[in-house]
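Observations on chain architecture
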Amino acid sequence: MANSMVFASWMVLGLVMATSRTQVEAARAFFVFGDSLVDNGNNNYLATTARADSPPYGIDTPSRRPTGRFSNGKNIPDFISDALGSEPTLPYLSPELRGDRLLVGANFASAGIGILNDTGIQFINIIRMFRQFQYFEEYQSRLADLVGYDEAQRIVSNALVLITVGGNDFVNNYFLVPFSARSRQFSLPDYVRYLISEYRKLLMRLHDLGARRVLVTGTGPLGCVPAELAMRSPSGQCAPDLQRAASLFNPQLVQMINELNNEYGANIFIAANTQQQTTDFISNPGAYGFTTSKIACCGQGPYNGLGLCTVLSNLCPNRDVYAFWDPFHPSERANGIIVNMILRGSTNYMSPMNLSTLLALDSNTRT
């Protein structure tokens, strides 16, 4: 767990909706890369402070125990797995990921990481993006040993891939401390351009490793999370510097993804406008059944936005009416709402198409 984890970029797929439509791809494997929004517990196996392995994390899971997810219950990959009609992906470091469980896919994400290798250095032992990709190569070798090389390549090329990264590069790097090394090196617009160029390299590397259906998330409204309100905005208004960062980053990410798709001659990458998605219910929480989008369910201090979520923290009795579970991360119900929009949302939210459309096109192609 970490007192400076970014809720980064929200989003992704699934919830309990029209599962009959998406379960046509029940055999599709699923691979996850990124940060704390999508970490299913890899960091539990590492000596790091960026862990969610203590109560009350996991309070709304069937076991009511922590699972390593930065959530009161399901996180983004869990909802995706529901939509695909498959089991949740196991953390790659889990000793349970062996045999037929490899066919489901794997989760390589690690809380605290960013696009850049120097992001999250305060967490020390985390799985940075280059290492996540190395593990993906290792996974493919293990899969080939199980099913043969050709079948392993088919499973990977037909799989759905999620990559959720970028928010920590602002919260846990550029804006982490006044006059940070990166803020002295780059103006904010130049830093965003640099991040986009590095993100492009990550996506091209995923393609080189065989990924052909990749859901890419941007950042959410970074300045509006309870942690940033507590630290930067006594009035309760979203922190303008972080909001500007998100507003610069997300359009350039979509543009870069469209350019990559043009270069590859296919819709390999799907962009999710997570800033717009989450801004909708942050600005009007009541329309989505929330009583607040400013105060975290679990935490302390202003907006419950300071420090860690622990057994000593304030804890709300009804997590379903809070948009934020902890100072940085959305509640299970908020994840479900975002996922619903990604699955069925218009081009205001998804580019070039929503995930449900993509899955349907793939199904028609293969039948």
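Note that the structure is predicted; figures quoted are calculated from it, not measured.

Moving on: the overall build of the protein chain. In terms of regular secondary structure, the protein chain is built from 12 helices and 10 strands. Whereas a compact globule of 367 residues would reach a radius of gyration of roughly 21 Å, the protein chain reaches 19 Å, a difference of no more than 12%. In terms of principal-axis extent, the alpha carbons of the protein chain reach across some 55 × 45 × 40 Å. Evaluated residue by residue, the protein chain yields a buried proportion of 60% over its 367 residues. For the protein chain, the accessible area works out to roughly 13,800 Å², and carbon and sulfur atoms hold 52% of it. In the protein chain, which carries 28 positive and 29 negative side-chain charges, the distance between the mean positions of the two groups comes to 2 Å.

We now examine the packing of aromatic side chains. Two measures describe an aromatic ring pair: the distance that separates the ring centres and the angle between the ring planes. Applying the stated criterion across every chain, the model contains 22 aromatic pairs. On the basis of an interplanar angle of 65° and a centroid distance of 5.6 Å, the ring pair of Phe 108 and Phe 136 is categorised as edge-to-face. With a gap of 28 residues between them, Phe 108 in the loop between strand E2 (105-107) and helix H3 (129-147) and Phe 136 in helix H3 connect regions that are remote in the sequence. Ring plane angle 45° and centroid distance 6.3 Å describe the contact between Tyr 264 and Phe 269, whose orientation is recorded as tilted. Following the ring pairs from residue to residue traces out a cluster consisting of Phe 31, Phe 33, Tyr 92, Phe 108, Phe 133, Tyr 135, Phe 136 and Tyr 139. Seen from the ring of Phe 290, Arg 333 lies directly overhead, with NZ or CZ sitting 4.8 Å from the centre.

On to the state of the cysteines. For the structure shown, the criterion picks out three disulfides. Here Cys 224 connects covalently by a disulfide to Cys 238, the sulfurs 2.0 Å from one another. In this structure, the disulfide formed by Cys 224 and Cys 238 twists by about 110° around the S-S bond and is classed as right-handed. Placement of Cys 224 in the loop between strand E4 (214-217) and helix H8 (226-232) and of Cys 238 in the loop between H8 and helix H9 (240-264) is noted, with a sequence separation of 14 residues between them. Judged by its relative accessible area of 4%, Cys 224 falls in the buried class.

Here the protein chain averages 91 in pLDDT, while 92% of its residues score no lower than 70. For the stretch residues 1-26, pLDDT sits under 50, and the model shows 139 contacts to residues farther than four places along the chain or on other chains.

The rules behind the values
Residues numbered from 1 in each chain as written. Predicted model: local features only at pLDDT ≥ 70, side-chain atom pairs only at ≥ 80, totals over all residues. Heavy atoms only, no water. Helix = DSSP H or I, 4+ residues; strand = E, 2+ residues; numbered from the N terminus. Rg over C-alpha atoms; globule rule 2.2 N^0.38 Å. Buried < 20%, exposed > 50% of the residue type's maximum accessible area, 1.4 Å probe, protein only. Areas by Shrake-Rupley, 256 points an atom, 1.4 Å probe, with all protein chains shown as cover. Lys, Arg positive; Asp, Glu negative; His and termini not counted. Charge placed at Lys NZ, Arg CZ, Asp CG, Glu CD. Phe/Tyr/Trp six-rings, centres within 6.5 Å; stacked < 30°, edge-to-face > 60°. Lys NZ or Arg CZ within 6 Å of the ring centre and 35° of its normal. Disulfide = S-S within 2.5 Å. pLDDT = per-residue confidence, 0-100. Contact = heavy atoms within 4.5 Å.

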